[in-house]
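Close look at the chain arrangement
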Amino acid sequence: MDVASATKPQFATGHARGRQGAAWGPLAYDCVAQLGDLAGTASLGFLYVTDALTADLPGIVAFLKRTTAIADWVGSIGIGIVAGSHEYFDEPAIALLAARLPPGGHRLIPGESGDPGERREVADWAARFSPPLGIVHADPRMTDLPGAIEALARDTASFLVGGLTSSRAAMDQVAGRVVHGGVSGVLLAPGLTVMTGLTQGCSPIGPVRTITAGRQNVVFEIDGRPALDVFKEEVGEILARRLERAGGYIHVAFPVAGSDTGDYVVRNLIGIDPARGWIAVGGEIAVGAPMLFVRRDRDAAERDLVRMLAGLRRRMSAPPRAGLYFSCIARGRNLFGPDSAELAIVRRELGDFPLAGMFCNGEISRDRVYGYTGVLALFA
């Protein structure tokens, strides 16, 4: 191996599935075997497990540290996980992505369970190296989660990519060890070429409007009219007569200021007050802010996914060396259909490359928490 190839980042992936109740040991052993020689030389590993293995996560992390050269593992738990061209749901499954980076090329973010000294060291490292990218995972139950993500991006001057844990059991993360609560992950030092993209899973059903009255997460008026009246006009006569059918299908979106791509953050519609004409959304609102209504739309989601992938392909001079994908739990089989259809589109547009990730309770891009989106990071 020449010096250039020894210092150039290298990646390998491994994944395995098992029957319900099966021991995790053979799965983890199989994953490590798939890493090949990189298991003995990699410096950073990404680990994603389905929530069927939540209780086994500490043992899996210990096994990986013992059987590979990788001391620094980061990752989390998903109701579904991404592994190459496969989506694993409702079964024990593990996905690994191992990376051999230049020495000093990364720094772990310990999360809420890290001590103050660790967090100060991360801040000092970020100030010294100005990391351009952070891969992060977060507990969806965290108080003021959007504020925490924004603060981390600001304090580290990093573009963040990642997702919120989705689990029917514990909401654990991995940052060198199993950690609990807050935001954890890894900062990557300059020198890596990483490209990121975001794709929406909902499409607008009307124009951008303005919140003219409201409080906390309740919208009283839109464009000076009762919010529910505007909502009924937007969704059409059939849904307006059966408002209970709008749940999970119609959502509220807030345009991102300064975006040149029409970007917006989607929040769930969580309540309707027919008597007062109010609507409640899954997030804080601001009087005077723009908003619009959107709907889950499989065809529009596929078109936007292809748009994002084509844009990434145009920016790359060669096929991607590896990638991490964070997709909403409402996407995958729940939007695109069975047989790993969403990942098949990724493969069709970008080819075959090592890929890992998870289906999330919310997705992170730059300094914001999104919903119903897919966020992709590609290592060139």
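A few points on the structure. Not measured: the values here are computed from a predicted model. (Residues numbered from 1 in each chain as written. Predicted model: local features only at pLDDT ≥ 70, side-chain atom pairs only at ≥ 80, totals over all residues. Heavy atoms only, no water.)

Quick word on the layout of surface pockets
Picture a little ball the size of a water molecule; that probe, rolled over the atoms, points out where space is still empty. Note the following rule: We place a 1 Å grid over just the protein atoms. Points where a 1.4 Å probe fits but has no way out form a cavity, open points with protein on both sides within 12 Å along at least 5 of 7 lines form a pocket, and any residue with an atom within 4 Å of a point lines it. Grid points are joined across faces, edges and corners, and a volume is the space filled by probe spheres set on the points. Starting at the N terminus, helices and strands are each numbered in turn, a helix being any DSSP run of H or I of at least four residues and a strand any DSSP run of E of at least two. Polar here means any residue other than Ala, Val, Leu, Ile, Met, Phe, Trp, Tyr, Cys and Pro, which are nonpolar, and Asp, Glu, Lys and Arg, which are charged; Gly is therefore polar.
Roughly 970 Å³ of internal volume is contained in the largest pocket. Considering the residues around the largest pocket, the lining is formed by 37 residues, among which Pro146, Arg267, Gly282, Gly283 and Val369 are closest to the centre. Only α5 (145-156), β18 (250-255), β19 (264-273), β21 (290-296) and β25 (368-370) provide two or more residues apiece to the lining of the largest pocket. Ranked by residues supplied to the lining of the largest pocket, first place goes to β19 with four residues. Split into classes, the residues belonging to the lining of the largest pocket amount to 22 nonpolar, seven polar and eight charged.

Things to note about the side chain of Arg347
Put simply, the test is: Exposure is judged per residue with a 1.4 Å probe applied to protein chains only, and the accessible area is read against the type maximum: over 50% gives exposed, under 20% gives buried, and values in between give partly exposed. Contacts between residues were defined by any pair of non-hydrogen atoms, one from each residue, lying within 4.5 Å.
Tracing the backbone shows Arg347 in helix α9 (residues 341-350). Overall, the relative accessible area of 14% leaves Arg347 in the buried class. Residues contacting Arg347, with those up to four places away along its chain left out, are Gly84, Ser85, Asp352, Phe353 and Leu355.

Remarks on the packing of helix α2 (residues 24-35) against helix α3 (residues 57-67)
Inclusion rule: Orientation is described by axes fitted as lines to C-alpha atoms, over the contacting stretch for helices, and by angles from 0 to 180 degrees between their N-to-C directions. Left-handed is the label given to a crossing in which the near helix is rotated counterclockwise from the far helix by less than a right angle, and right-handed is the label when the rotation is clockwise.
Look at α2 against α3: their axes get within 11 Å of each other, and the N-to-C directions meet at 35 degrees. For the pair α2 and α3, the sense of crossing is right-handed. In contact with Trp24, Ala28, Tyr29 and Val32 of α2, α3 contributes Gly59, Ile60, Phe63, Leu64 and Thr67. Taken together, the residues of the contact of α2 with α3 break down into seven nonpolar, two polar and no charged.

Considering the sheet that holds strand β2 (residues 44-50)
Convention followed: By this definition, two strands are paired if DSSP reports at least two bridges between them.
One open sheet holds the six strands; their spatial order is β1-β6-β2-β3-β10-β11, and the pairing between them is mixed. In this open sheet, the two edge strands, each paired with only one partner strand, are β1 (10-17) and β11 (178-180). Strand-to-strand twist of the sheet, defined as the mean angle between neighbouring strand axes without regard to direction, takes the value 20 degrees. For β1 and strand β6 (residues 93-100), the ladder comprises eight bridges, and the chain directions are antiparallel. Bridged to Gly14 within β6 is Leu96. Packing against the sheet, α2 makes contact with β1 and β6, and its axis sits at approximately 155 degrees to β1. With respect to the sheet, α3 is in contact with β2, β3 (72-78), β6, β10 (172-175) and β11, its orientation differing from that of β2 by roughly 150 degrees.

Some details on the sheet that holds strand β13 (residues 194-200)
Strand order across the open sheet formed by six strands is β5-β4-β23-β22-β26-β13, with mixed pairing between neighbours. The sheet is open, and its two edges are formed by β5 (86-89) and β13, each paired on a single side. Sheet twist, expressed as the mean angle between neighbouring strand axes with direction ignored, is 15 degrees. Pairing of strand β22 (residues 322-328) with strand β23 (residues 355-360) involves six bridges; the strand directions are parallel. Pairing of Ser327 across the sheet is with Phe359, part of β23. Packing against the sheet, helix α8 (residues 298-315) makes contact with β13, β22 and β26 (373-379), and its axis sits at approximately 165 degrees to β13. Strands β4 (80-83), β5, β22, β23 and β26 of the sheet are contacted by α9, whose axis makes an angle of about 165 degrees with β5.

Side note on the pattern of salt bridges
Threshold: Note on definitions: salt bridges are taken to be side-chain nitrogens of Lys or Arg within 4 Å of carboxyl oxygens of Asp or Glu.
What the rule picks out here adds up to 22 salt bridges. Across the pair Arg17 and Glu91 runs a salt bridge, and its minimum N-O distance is 3.0 Å. Of the two residues, Arg17 sits in strand β1 while Glu91 sits in the loop between β5 and β6, which places them 74 residues apart along the sequence. Residue Glu91 is classed as buried on the basis of its relative accessible area, which comes to 15%. In this structure, Asp367 engages Arg368 in a salt bridge whose closest nitrogen and oxygen atoms are separated by 3.3 Å. On the basis of relative accessibility, which here comes to 25%, the residue Arg368 falls in the partly exposed class. Each of Arg298, Glu302, Arg313, Arg348 and Glu349 takes part in salt bridges that share partners, so that together they form one network.

Regarding the nonpolar core
The line we're drawing: The definition of a nonpolar core used throughout is a set of buried Ala, Val, Leu, Ile, Met, Phe, Trp, Tyr and Cys residues joined through side-chain atoms within 4.5 Å.
Counting 33 residues, the largest nonpolar core has Phe46, Tyr48, Ile135, Val186, Leu188, Leu324 and Phe326 as its most contacted members. Of all the secondary-structure elements, those providing two or more residues to this core are β2, β4, β6, β8 (133-138), β12 (183-188), β22, β23 and β26. At four residues, β6 tops the list of elements feeding residues into this core. Residues Cys31, Leu35, Val61 and Trp73 belong to the second largest nonpolar core, which totals 26 residues.

Overview of the environment of Phe89
Tracing the backbone shows Phe89 in strand β5. Take Phe89: its relative accessible area is 9%, and that puts it in the buried class. Ignoring anything within four residues of it in the chain, the contact list for Phe89 reads Ile79, Gly80, Ile329, Arg333 and Phe359.

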